[in-house]
Amino acid sequence: MAGGVAAWLPFARAAAIGWMPVASAPMPIPPKDKRKSQEGLIILNVSGTKFQTWKNTLERYPDTLLGSTERDFFFHEETNEYFFDRDPDIFRHILNFYRTGKLHYPRQECISAYDEELAFFGIIPEIIGDCCYEEYKDRRRENAERLQDDEEMDQSNDTTPVNLTPREYLWRAFENPHTSTLALVFYYVTGFFIAISVMANVVETVPCGLMPNRSKELSCGDRYALAFFCLDTACVMIFTFEYLLRLVAAPCRFKFMKSVMSVIDVVAIMPYYIGLVMTDNDQVSGAFVTLRVFRVFRIFKFSRHSAGLRILGYTLKSCASELGFLLFSLTMAIIIFATVMFYAEKGSTASKFTSIPAAFWYTIVTMTTLGYGDMVPKTIVGKVFGSICSLSGVLVIALPVPVIVSNFSRIYHQSQRAEKRRAQRKSRVAKIRAAKIRGTNAYMRYKHSGVMDSVEEASKEAGKLLVSKATSPPFESQHHHLLHCLEKTTNHEFVDEQTFQTNCMEISMMNKAGSRSSSLASSPRLSSCCSRRHRKKSSFSLPSTNNQELSTIQIRERPVVNSRSSLNARLNDDGGMTLKCDASYITPSMVTLSPPAVTSSGGGDGPTGSITYSQSNIVRVSAL
Amino acid sequence: MKTKNRDQSLSDSRELDGSYDQLTDSIEDDFELSTVCHRPESMDKLQDQTKFTKKELQVLYRGFKNCGCSLLCLCFVPQECPSGVVNEENFKTIYSQFFPQGDSSMYAHFLFEAFDTDKNGSVSFEDFVFGLSIILRGTINDRLNWAFNLYDLNKDGCITKEEMLDIMKSIYDMMGKCTYPNMQDEAPREHVENFFQKMDRNKDGVVTIEEFIESCQKDENIMQSMQLFDNVI
């Protein structure tokens, strides 16, 4: 039942009196009205701004926060009002919904802030009134697309290199040349050869001076035929090699073969092979010459190298309907005017307008305001229609052009925005990371100053001391205490990055000494047994990677067996370390690296608490 | 403040304005009509005329004035919603919200006829409050009178079988199709027969007001159920 009718329910119940005389059975007893006084004002204090309304108003929609007993959780005894620590500006709209039954979306508010408020107050956004619903949906879709773009960019940028197959690695190198130096080199080399090839095609046709025993001027292509042939061969070799590599690396070969770029590649190299196959026959030489024209398509290969070119192509594709309209209207106009001009000029002597198709040329040249002057009307009628033709040409062309321009501008700005966001994101990530590191460093300081003593009582005292000093605000000290509890719970400790990495190196060296493949090589196994989401967020990787997660807190395992040699021995016994991926300790994205021996002997030794830094198995955790 | 008749207020404004144009009048009429606001009589007067307290009148009025408009917007019904009065379409829409599984339009129509005492096609707040006052605060006799008035569709003082059949059908329509046991087509008619057997003393085929009141007073069930909704407001 819609909430708005709640106020009319008494009327509906009263109207039931019409059934009473005709009823043949006794009526059921009405429910007892528990809350006698439904009357009364309610004061809603939202971050200091006081709103007042009738209790009835709020109870119109009993499945929302304000209309149900859920609001009692926010009742503030001392001031006898309901206090909400939320945004008062948006709350105004929410309260208006109760009053009028219509929910409006204020255009100047951020869409996600608004959504959050609605979710908090238990109002579904679908009841936004018609006046505002479209705007709301548009903004929401735009926001979602933007976030999705960001995520995709994240994905494409942040996949770790360790866990790709060679084929995937190759494909990624092709698609994103900035990922590795080799890919970049290849990228530039191919670009260079494309340029060379195109220039060779152009220079081939330049007249190069007379041969001594010929009278005709030779083009450079004929004079230095061998040189050009070698150049062409070299370019085509490279292009073929590149194409085959791409074909091999493509995740879906069929889809790759259908894509535009691959078609361009094929068209670029085909003429050469066809030329090889065909003999220098007179009959086919004409066709052969035509094929050479296709070599100029190599210039389109540049679109892999230039984003602007891709945008242009995309724009034209997206404006296909406008272009089609332009073409169609021009065709119509051309036919009309050509016919008119033909019949107008039919009478004049030595007229160039020999047929209607011949007049097409005149019409096109006139409508596009080129005016070569090779065909001009001589009769007066012809001149009159010629001027009408040129005037209308301007109009017909000017109409669809703004649409194309605006499309191009929109797409271009979108791509610029994507670039900008990518650049901004790096700096944002760096700043956030710095802030997080400051936080963890504060915790390190807290630990080092207070809690390094191994004995529990000592640490307690130190903790008390620390508390009495009270240099840090209560929030922070509670946070630190929490982290400390966590450490105690898991028998692991927090360390900073340098220590972690040095210990990493130590492990690898230890493992090599123990005739095992390096722990780092075992990391693929490690990450492969984690879910894909972990792969994105967490990283167990070499120190070289620096483009990953937003924050890391390293956890060092504290093996209860303290001697290094025994651990070594155990490692050697096992033949290696098993990698546990269970996430029972800290966060779901944590990854631990623990020899099985530790847990078994964990119960044996008491909580000595001494940390041996040298033999720690370091794991890296990304904090959620 | 006296409640003006809609036409009356319109002609007043025309005189004052002096811009009355016969040719274009019809179009402006519509716009003007929709913005004519109907204000009810003062609360003191209403309090004298009905048996509601001030607080109850306040609650009733707020519900009447607000929800008349907002509810329709919720139902996506694009209709004019003059503030202060409820017309039959609104009435039907509001009532149908309470009976989603059946068709309550006929019964709502009869109710509308019963509430709209001055027969001007819309239920003003006074009509509304007067009606409710009788139902909720009146004596048993008053209520029985009101119910009789509801059944007597042509207001000629007696209920015929056809009128009763219409009423009965409208009540059964509100149940909808999904009932247990299954709704038979003959159910209303049978019910009407039973009703007339009980009420029609002199077996003349119609039920007059005296017969009605007398028969109801003899029936314990009816007397009890008449008092069921005393505490609705």
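No experiment lies behind these values; they were computed from the predicted model shown.

A. Seen up close, the packing of helix H13 (residues 307-318) of chain A against helix H14 (residues 320-345) of chain A. All names here are of chain A. Two numbers describe how H13 lies on H14: the axes approach to 4 Å, and their chain directions differ by 65 degrees. With respect to H14, the axis of H13 lies roughly perpendicular. Contacts between H13 and H14 involve Leu316, Lys317 and Ser318 from the first element and Ala320, Glu322 and Leu323 from the second. Grouping the amino acids of the contact of H13 with H14 by side-chain chemistry returns three nonpolar, one polar and two charged.

B. Region of the structure containing the side chain of A:Thr240. Residues and elements named next belong to chain A. Of note, threonine 240 is situated in helix H9 (residues 225-249). Given the relative accessible area of 15%, threonine 240 is considered buried. A distance of 2.8 Å separates polar atoms of two side chains, one belonging to threonine 240 and the other to tyrosine 273. Look past the residues within four positions of threonine 240 in its chain and what remains in contact with it is Ile269 and Tyr273.

C. Local environment of helix H11 (residues 260-277) of chain A. All names here are of chain A. In this model H11 runs 26 Å from its N-terminal to its C-terminal C-alpha over 18 residues, within 8% of the 26 Å that 1.5 Å per residue would give. Of all bends in H11, the biggest is about 35 degrees, found at methionine 270, and the proline proline 271 comes one to four residues later. Burial in H11 covers these residues: Met261, Ser262, Ile264, Asp265, Ala268, Ile269, Pro271, Tyr272 and Gly275.

D. Local environment of the interface of chain A and chain B. Listed by partner, the interface residues are 36 residues for chain A and 49 residues for chain B. For the pairing of chain A and chain B, the buried interface totals around 3,700 Å² over both sides, and the portion due to carbon and sulfur atoms is 74%. On the chain A side of the interface with chain B, the three residues burying the most area are A:Trp8, A:Phe11 and A:Ile17, jointly 21% of the side's total. If you look at where chain A meets chain B, you find three residue pairs in polar contact (both at pLDDT 80 or more). Looking at the side of chain A that touches chain B element by element, the count peaks at seven residues for helix H1 (residues 9-15) of chain A. Counted by class, the side of chain A that touches chain B contains 25 nonpolar, six polar and five charged residues.

E. Representation of the packing of aromatic side chains. Summed over the entire model, instances satisfying the criterion amount to 42 aromatic pairs over all chains. For the ring pair A:Tyr187 and A:Tyr188, a centre distance of 5.4 Å and an interplane angle of 65 degrees mean the geometry is edge-to-face. For A:Tyr188, a relative accessible area of 55% gives the class exposed. Aromatic rings pair up to connect A:Phe11, A:Trp19, B:Tyr61, B:Phe91, B:Tyr95, B:Tyr107, B:Phe112, B:Phe115, B:Phe125, B:Phe128 and B:Trp146 into one cluster. Looking at A:Arg86, its charged tip hangs above the ring of A:Phe120, at a distance of 4.0 Å from the centre. The lysine or arginine in question, A:Lys301, covers the ring of A:Phe239, its NZ or CZ lying 4.7 Å from the ring centre.

F. How the structure looks around a nonpolar patch on the surface. All names here are of chain A. There is a patch of nonpolar side chains on the surface, built from Leu309, Leu312, Leu316, Phe408 and Tyr412 and spanning about 400 Å² of accessible area. Elements with a contribution of two residues or more to the nonpolar patch: H13 and helix H17 (401-450). Take the nonpolar patch: its biggest share by element is three residues, from H13. As for its position among the elements, tyrosine 412 is in helix H17.

G. Inspection of the nonpolar core at higher detail. Counting 62 residues, the largest nonpolar core has B:Tyr95, B:Leu111, B:Met164 and B:Phe212 as the members making the most contacts within it. In contact with B:Tyr95, not counting residues within four places along its chain, are A:Phe11, A:Ala12, A:Ala15, A:Trp19, B:Ser104, B:Tyr107, B:Ala108, B:Leu111 and B:Met174. Formed by 26 residues, the second largest nonpolar core is a distinct cluster that contains A:Tyr82, A:Ile111, A:Tyr114 and A:Tyr136.

H. Seen up close, the packing of H14(A) against helix H15 (residues 356-367) of chain A. Residues and elements named next belong to chain A. Between H14 and H15, the least distance of the axes is 8 Å, while the angle of their chain directions is 120 degrees. It follows from the interaxial angle that H14 and H15 lie oblique. When the axes of H14 and H15 are compared, the crossing they make is right-handed. Two secondary-structure elements touch here, H14 through Leu330, Ala333, Ile334, Ile335, Phe337, Ala338, Thr339, Met341, Phe342 and Tyr343 and H15 through Ile356, Ala359, Phe360, Tyr362, Thr363, Ile364 and Met367. The residue inventory of the contact of H14 with H15, partitioned by class, reads 15 nonpolar, two polar and no charged.

I. Local environment of the confidence of the model for chain B. Residues and elements named next belong to chain B. Confidence in the prediction for chain B averages 76 pLDDT; 76% of positions are at 70 or higher. Considering only residues more than four positions removed or in separate chains, one finds that residues 24-36, a stretch of pLDDT under 50, has eleven contacts. For the stretch residues 69-82, pLDDT sits under 50, and the model shows 27 contacts to residues farther than four places along the chain or on other chains. Overall fold confidence for the complex sits at a pTM of 0.48, while the interface term, ipTM, reaches 0.74.

J. Fine view of helix H7 (residues 125-137) of chain B. Residues and elements named next belong to chain B. Over its 13 residues, H7 runs 17 Å from end to end, which matches the ideal 18 Å to within 8%, given 1.5 Å per residue. H7 sits mainly inside the fold: ten of its 13 residues count as buried. Among the residues of H7, Phe125, Glu126, Asp127, Phe128, Val129, Gly131, Leu132, Ser133, Ile135 and Leu136 are the ones counted as buried.

Here is what the cut-offs are and how they apply
- Residues numbered from 1 in each chain as written.
- Chains lettered and ligands numbered in written order.
- Predicted model: local features only at pLDDT ≥ 70, side-chain atom pairs only at ≥ 80, totals over all residues.
- Heavy atoms only, no water.
- Axes fitted to C-alpha atoms, helices over the stretch in contact; angles between N-to-C directions.
- Helix = DSSP H or I, 4+ residues; strand = E, 2+ residues; numbered from the N terminus.
- Parallel < 35°, antiparallel > 145°, perpendicular 65-115°, else oblique.
- Contact = heavy atoms within 4.5 Å.
- Nonpolar A, V, L, I, M, F, W, Y, C, P; charged D, E, K, R; others polar.
- Buried < 20%, exposed > 50% of the residue type's maximum accessible area, 1.4 Å probe, protein only.
- Polar contact = N/O pair within 3.5 Å; in protein donor to acceptor, adjacent residues only side chain to side chain.
- Expected span 1.5 Å × (residues − 1).
- Bend = angle between axes of the 7 residues up to and from the residue.
- Buried area = accessible area lost by both parts, 1.4 Å probe.
- Phe/Tyr/Trp six-rings, centres within 6.5 Å; stacked < 30°, edge-to-face > 60°.
- Lys NZ or Arg CZ within 6 Å of the ring centre and 35° of its normal.
- Patch = residues over 30% accessible without salt bridge, like charges linked within 9 Å, V, L, I, M, F, W, Y side chains within 5 Å.
- Areas by Shrake-Rupley, 256 points an atom, 1.4 Å probe, with all protein chains shown as cover.
- Salt bridge = Lys/Arg side-chain N within 4 Å of Asp/Glu carboxyl O.
- Core = buried A, V, L, I, M, F, W, Y, C linked by side-chain atoms within 4.5 Å.
- Left-handed = near helix turned anticlockwise from the far one by under 90°.
- pLDDT = per-residue confidence, 0-100.

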